[in-house]
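So the chains spell out like this:
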Amino acid sequence: KMYEETTAAVCGLPFQARCIVPELADTEHNRFLVGTLSLREENEIHSIAIEEISPGELDIVEDTVFVHKREVWNISPCPFDSSLFFTCYNEGTQYVAALWRKNENNTDLDQVLELESHRGSVKCVLWQPSAGTSETILSMDDTSLIHYDLNISSESGSQTQPKVKSKIDYKEGEQTTTAKWRPQPPYSEVIVSHGTNIKGWDLRSGKETFQINRAHQHGKIRALDFNSNKPNQFVSGGDDCNIKFWDIKKPSDPFAVLDSGHNHWVWGVEFNKYHDQLVLSSGSDSIVNLWRLEWEEAGKRGVRSQLLRRYDDHEHSVYRVAWGNNELNPYIFASLSFDG
């Protein structure tokens, strides 16, 4: 019943957009960062807060706008400081990554540093998914994964380049799209999509830990996410319209497949970090789906799935979905379509 009666809050952006993420350091509110994609105009980062103002009724209670001149293709919020986040943006000849700090006095963003160790376009930046204030990150391009220690000072301003802890080079020609850090100590494994394949990489040895060939039948794998409560499990979504669930310990076959939710590319898939039976998906069919999974008994692989609700409010491709980060109300989520 709660999934059927909620009234959505709508926030319109001035430009097209592709990325939305929760502000991870704020666990008391459902706050999201959104970046725009304008070729000609000055772009923006929106910090949007959503609240349930009455049972089943949501409202936008804050929309703070920061200037970000270049097109924003990826945002990675700091998990312990809500003023800090990375963006990957188009600099004209390639995509670069920079760390920004929100300016409390105006709408400017202060650039803290730019990652300069890549020779190709940076696809994404990942913060180590540990509790506490770890300043360890990963950045990814089509040829390598680079593992850094940031050593950010508490003061705003320019920093020296972060220390490179390790680097993993892939084979040439294996185009990557996305990556996820496994949320389990010692935080030494990351999964990366290489075309239709998924590979695991050990950050300590630099070696491949597993490979799933043709995890999706064609095109690209556009979404990956780990189950925070069962860190051996992850989900993938791709151009074959399928959503697949995998176990790192037994990666030869998916233990569950959702093949009836989308009729075009799947761009976003996310577990709810507090209630892992709830999963969101979105695609270029303009649809957002809310799924409920029932895990099999201990010792068995597999899940039973139920499509709780199909949202068709968008008119364009829905590139991202994101669960809010409020511990007391973890059922709020946001979706972003290309038209903003």
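Before reading on, note that the structure itself is shown above.
A few points on the structure. These figures come from a predicted structure and were not determined experimentally. (Residues numbered from 1 in each chain as written. Predicted model: local features only at pLDDT ≥ 70, side-chain atom pairs only at ≥ 80, totals over all residues. Heavy atoms only, no water.)

**So, the sheet that holds strand 16 (residues 208-212)**
Thought 1: Read across the open sheet, the four strands follow the order 13-14-15-16; overall the sheet is antiparallel. Taken across any chain shown, the strands that pair with only one partner, and hence form the sheet edges, are strand 13 (176-181) and strand 16. Averaged over all pairs of adjacent strands, the angle between strand axes in this sheet comes to 20°, irrespective of strand direction.
Thought 2: Judged from the four bridges that link them, strand 15 (residues 197-202) and strand 16 form a sheet pairing that is antiparallel. (Pairing = 2+ DSSP bridges. Helix = DSSP H or I, 4+ residues; strand = E, 2+ residues; numbered from the N terminus. Axes fitted to C-alpha atoms, helices over the stretch in contact; angles between N-to-C directions.)

**What to know about the pairing of strand 10 (residues 136-140)**
Thought 1: With respect to burial, strand 10 is a largely interior element, five of its five residues being buried.
Thought 2: In strand 10, alternate side chains face the same way, and those of Thr136, Leu138 and Met140 on one face and Ile137 and Ser139 on the other are all buried.
Thought 3: As paired strands, strand 9 (residues 124-127) and strand 10 are joined by four bridges and run antiparallel to one another. Note that in strand 10 the partner of Cys124 across the bridge is Met140.
Thought 4: Of the strand pairs in this sheet, strand 10 and strand 11 (residues 144-149) are connected by five bridges, and their pairing is antiparallel. Within strand 11, the residue paired with Met140 across the bridge is Leu145. (Buried < 20%, exposed > 50% of the residue type's maximum accessible area, 1.4 Å probe, protein only.)

**Focus on the environment of Thr178**
Thought 1: Along the chain, Thr178 turns up in strand 13.
Thought 2: For Thr178, a relative accessible area of 12% corresponds to the buried category.
Thought 3: Along the chain, Thr178 and Asp142 lie 36 residues apart, while their C-alpha atoms are 10.0 Å from each other.
Thought 4: Contact partners of Thr178, with chain neighbours within four places excluded, come to Met140, Ile191, Val192, Ser193, Ile221, Arg222, Ala223 and Leu224. (Contact = heavy atoms within 4.5 Å.)

**Re the packing of aromatic side chains**
Thought 1: Enumeration over the complete set of coordinates arrives at 15 aromatic pairs.
Thought 2: When the ring of Trp73 is compared with that of Tyr95, the centres are 5.6 Å apart and the planes differ by 85°; the resulting orientation is edge-to-face. Here Trp73, found in strand 5 (residues 72-77), pairs with Tyr95, found in strand 7 (residues 95-102); they are 22 residues apart in sequence, far enough to count as distant.
Thought 3: By relative accessible area, which is 27% here, Tyr95 ends up partly exposed.
Thought 4: When the ring of Tyr319 is compared with that of Phe338, the centres are 5.6 Å apart and the planes differ by 90°; the resulting orientation is edge-to-face. You can see Tyr319 sitting in strand 25 (residues 318-323) and its partner Phe338 sitting in the segment after strand 26 (333-337), a full 19 residues away along the chain.
Thought 5: You can call Phe338 partly exposed: its relative accessible area is 23%.
Thought 6: Lying across the ring of Tyr319, Arg18 places its NZ or CZ 4.0 Å from the centre.
Thought 7: A cation over an aromatic ring shows up here: Arg222 above the ring of Trp267, its NZ or CZ 4.3 Å from the ring centre. (Phe/Tyr/Trp six-rings, centres within 6.5 Å; stacked < 30°, edge-to-face > 60°. Lys NZ or Arg CZ within 6 Å of the ring centre and 35° of its normal.)

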